[in-house]
Amino acid sequence: MADSAIPTRYAGDVCTVLNHESHLAALESTAPEIAAAFGKGLCGIRRLPSLTRAVFALETGEGRFVLRVHSGDARDEELESLLTWLEALAAAGFPVPRPCRTLQGEWLAPLALDELPGLQRCSLLTWLDGTALTPEEMTPDHARAMGDLLARLHDFASRWRAPAGFVRPCLDAEGLFGDRSPYASDEGEALFSTELREAMHGVELLVSALLQRTRELPGTWGLIHGDLIAKNCLFGDDGARALDFDNCGHGCFLYDLAPATLQFSALPAGETLSGALWTGYTARRSLSPARPADLQTLVAARLVASCRWLVANRQAPALRDRMEDLLEQRTLTLRDYLATGRVRRRSEML
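Rules and cut-offs
For every chain, the first residue of its written sequence is number 1, and the numbers climb from 1 along that sequence. The predicted origin of the model limits local features to residues at a pLDDT of at least 70 and limits the giving and counting of side-chain atom pairs to 80 or more, whereas totals for whole chains, interfaces and linings rest on all residues. Excluded from the side-chain calculation are hydrogens and water; included are all heavy atoms of the structure. Angles here are taken between N-to-C directions and fall from 0 to 180 degrees, while the axes themselves are lines fitted to C-alpha atoms, restricted in helices to the stretch in contact. Where helices and strands are cited, they refer to DSSP runs of H or I of at least four residues and of E of at least two residues respectively, numbered from the N terminus. Every angle not falling under 35 degrees, over 145, or within 65 to 115 is termed oblique; those three ranges are roughly parallel, roughly antiparallel and roughly perpendicular. Here a residue-residue contact requires only that any non-hydrogen atoms of the pair lie within 4.5 Å. Grid spacing is 1 Å over the protein atoms alone, the probe is 1.4 Å, and a cavity is where that probe fits but cannot get out, while a pocket is an open set with protein on both sides within 12 Å along at least five of seven lines and lining residues have an atom within 4 Å of a point. Grid points are joined across faces, edges and corners, and a volume is the space filled by probe spheres set on the points. For this scheme, ten residues count as nonpolar: Ala, Val, Leu, Ile, Met, Phe, Trp, Tyr, Cys and Pro. Four count as charged, namely Asp, Glu, Lys and Arg, and the remainder, Gly too, count as polar. A pair of strands is treated as paired once DSSP finds two or more bridges between them. Grouping into patches uses exposed residues only, defined as over 30% relative accessible area, and leaves out salt-bridged ones; the cut-off is 9 Å for like charges and 5 Å for nonpolar side chains (Val, Leu, Ile, Met, Phe, Trp, Tyr). Working definition of accessibility: Shrake-Rupley area with a 1.4 Å probe, residue cover restricted to the visible protein chains. Here, a salt bridge means any Lys or Arg side-chain nitrogen found within 4 Å of an Asp or Glu carboxyl oxygen. Charge assignment in this entry is limited to Lys and Arg as positive and Asp and Glu as negative, and neither His nor the chain termini are counted. Every charge is mapped onto a representative atom, which is NZ of Lys, CZ of Arg, CG of Asp or CD of Glu. Here the expected span of a helix is defined as 1.5 Å times the quantity of residues minus one. Only protein chains enter the accessibility calculation, which uses a 1.4 Å probe. A residue is then buried if its area is under 20% of the maximum for its type, exposed if over 50%, and partly exposed in between. The definition of a polar contact used here is a pair of N or O atoms within 3.5 Å, where within protein one atom must be able to donate a hydrogen and the other to accept one, and adjacent residues in sequence count solely through side-chain atom pairs. Only buried Ala, Val, Leu, Ile, Met, Phe, Trp, Tyr and Cys residues count toward a nonpolar core, and they belong to the same one when joined by side-chain atoms within 4.5 Å. As a per-residue measure, pLDDT tells how confident the predictor is, with possible values from 0 to 100. Aromatic contacts are taken between Phe, Tyr and Trp rings whose centres are within 6.5 Å, Trp giving its six-membered ring; a plane angle under 30 degrees counts as stacked, one over 60 as edge-to-face, and the others as tilted. Look at NZ for Lys and CZ for Arg. If either is within 6 Å of the ring centre and within 35 degrees of the ring normal, a charge sits over the ring.

### Here's the deal with the packing of helix H3 (residues 76–91) against helix H4 (residues 140–159)
Logical step 1: Where H3 meets H4, the axes come as close as 12 Å, and the angle between the chain directions of the two elements is 110°. What the angle tells us is that H3 and H4 run roughly perpendicular. Contacts from Trp85, Ala88 and Leu89 of H3 reach H4 at Leu153, Phe156 and Ala157.

Here it is, written out as structure tokens:
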């Protein structure tokens, strides 16, 4: 693959296009058409930061909205189920973006572009206000708010009955590590060193045993966010608000604490923040019989999934020149976990 070729996550299947910036510009130019499909008049547009997605803030006569161009490798029923879940959460009063329907009553607006193969599938979401923080800026109060929000989401997931045809990935061992995992990459795993493969395999064995054991226990599995990290949260006086549910699926509730715990693990205040996250969750919802050691295993699982995500997106502009260093950092972290039982992150998180 030529260095100038970027496989995007928003074009048909995950495919090769020649100019990332020009294709973002092409998608941006269609914003009036997409807004009109949702019955909105466009007043302005700006790009929102994303490593591998096309995401825009739209100013309309009815206020601000978020336009997302969805991953080309996701099935329609998966995307529609994601938006159905967001609608259920918003209707129940959760601080999450609420999806809008098109004038035809659909969740997704199709868009054809000469520059990109296939139909692009676009959703429009309400805007959430709040303060965005980096992990370094977060306090224990913020971490507790994240834990409390996850506990409330899981309580609701335990009661909610999905409609017929609802489809989201299953984040069990196969879903995290298998060939059909949303994190899977075809040719990219050739970039893994022997040391990294061995470390990943060691973690996978531990995670598989843990998930098999917990899945049989009541109240431990359901729909999870899957990626509640600092950049997918906003904070206000009423607590934490959740963004970006693209990775939501059926999984172990405890795994939902892993992404933030991994982010905290390299910080000087990491143990305090991780403890506050756990406390915020358990003050509202029990994690018994889970132990902190079980969470560490799932934090390592998150890091293994991160390795696969990296190589699947290896030609994204922010990643392609740094891949070797990022994988080496993750190798050291995983080997350290297998030796100590704790994840002390040495790898940069993106």
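### Quick look at the layout of surface pockets
Logical step 1: The space that makes up the second largest pocket amounts to roughly 320 Å³.
Logical step 2: Along the walls of the second largest pocket sit 15 residues, with Thr261, Glu271, Ser274, Gln296 and Arg342 positioned nearest its centre.
Logical step 3: Put simply, the parts of the chain that give the lining of the second largest pocket at least two residues each are helix H8 (270–282) and helix H9 (292–312).
Logical step 4: When residues of the lining of the second largest pocket are assigned to their parent elements, the largest contribution, five residues, is made by H8.
Logical step 5: A per-class count over the lining of the second largest pocket returns six nonpolar, six polar and three charged.

### As for the pairing of strand S9 (residues 233–236)
Logical step 1: Two elements, S9 and strand S10 (residues 239–242), share four bridges in a ladder whose sense is antiparallel. The partner of Phe235 across the bridge, within S10, is Ala240.
Logical step 2: In this antiparallel pair of consecutive strands, S9 and S10, the connection spans two residues.

### Some thoughts on a negative patch on the surface
Logical step 1: A cluster of acidic residues, Glu195, Glu198, Glu324, Asp325 and Glu328, forms a negative patch on the protein surface.
Logical step 2: Contributing elements (two or more residues each) for the negative patch: helix H6 (194–215) and helix H10 (323–340).
Logical step 3: At three residues, H10 tops the list of elements feeding residues into the negative patch.
Logical step 4: Within the fold, Glu328 resides in helix H10.

### Some points on H6
Logical step 1: Across its 22 residues, H6 extends 31 Å between first and last C-alpha, which sits within 8% of the 32 Å expected from 1.5 Å per residue.
Logical step 2: Every buried residue of H6 is listed here: Leu196, Ala199, Met200, Gly202, Val203, Glu204, Val207, Leu210, Leu211 and Thr214.
Logical step 3: Of the surrounding secondary structure, the elements contacted by the buried residues of H6 are helix H5 (173–177), strand S8 (221–224), strand S11 (249–252), H9 and H10.

### Here's the deal with empty space enclosed by the protein
Logical step 1: One pass over the full model with this rule turns up two cavities of 30 Å³ or more.
Logical step 2: Within this model, the second largest cavity holds a volume of roughly 30 Å³.
Logical step 3: Around the second largest cavity, the lining residues are Trp85, Leu153, His154, Leu223, Ile224, His225, Phe245 and Asp256.
Logical step 4: Within the residue set of the lining of the second largest cavity, elements represented by two or more residues are H4 and S8.
Logical step 5: Looking at side-chain class alone, the lining of the second largest cavity contains five nonpolar, two polar and one charged residues.

### A word on the environment of Arg215
Logical step 1: Along the chain, Arg215 falls in helix H6.
Logical step 2: Each C-alpha atom of the pair Arg215 and Cys252 lies 7.2 Å from the other, and the pair is 37 residues apart in sequence.
Logical step 3: Those residues in contact with Arg215, other than ones at most four positions away along the chain, are Cys170, Asp172, Thr220 and Trp221.
Logical step 4: Side chain to side chain, Arg215 and Asp172 meet in a polar contact 3.2 Å long.

### Examining H10
Logical step 1: For H10, built from 18 residues, the straight-helix expectation of 26 Å at 1.5 Å per residue is met to within 8% by its first-to-last C-alpha distance of 26 Å.
Logical step 2: For H10, the set of buried residues is Met323, Leu326, Leu327, Arg330, Thr331, Thr333, Leu334, Asp336 and Tyr337.
Logical step 3: Positioned one or two residues after H10, Gly341 has a phi angle of 85°, which is positive.

### A few points about the environment of Ala283
Logical step 1: On the secondary structure map, Ala283 appears in the loop between H8 and H9.
Logical step 2: Measuring from C-alpha to C-alpha, the distance between Ala283 and Arg47 comes to 38 Å, with 236 residues separating the pair along the chain.

### Some remarks on the nonpolar core
Logical step 1: Membership of the largest hydrophobic core comes to 90 residues, with the highest contact counts inside it found for Trp85, Met146, Tyr255 and Leu334.
Logical step 2: With 11 residues, H9 is the single largest residue contributor to this core.
Logical step 3: Leu334 has contacts with Leu196, Ala199, Met200, Val203, Ala300, Leu303, Val304 and Cys307, leaving out every residue within four places of it along the chain.

### Description of the confidence of the model for the protein
Logical step 1: The predicted model of the protein has a mean per-residue pLDDT of 88, with 91% of residues at 70 or higher.
Logical step 2: Mean pLDDT per element in the protein: strand S1 (residues 6–8) is the minimum at 33, and H4 is the maximum at 98.
Logical step 3: Overall, residues 1–18 carries pLDDT values under 50, and its contacts beyond four positions in sequence, including any with other chains, amount to 66 contacts.

### As for the packing of aromatic side chains
Logical step 1: Enumeration over the complete set of coordinates arrives at four aromatic pairs.
Logical step 2: Taken together, the ring pairs in this structure connect Trp85, Phe94, Phe156, Trp160 and Phe166 into an aromatic cluster.
Logical step 3: A cation sits over an aromatic face here: Arg215 above Trp221, 4.6 Å from the ring centre.

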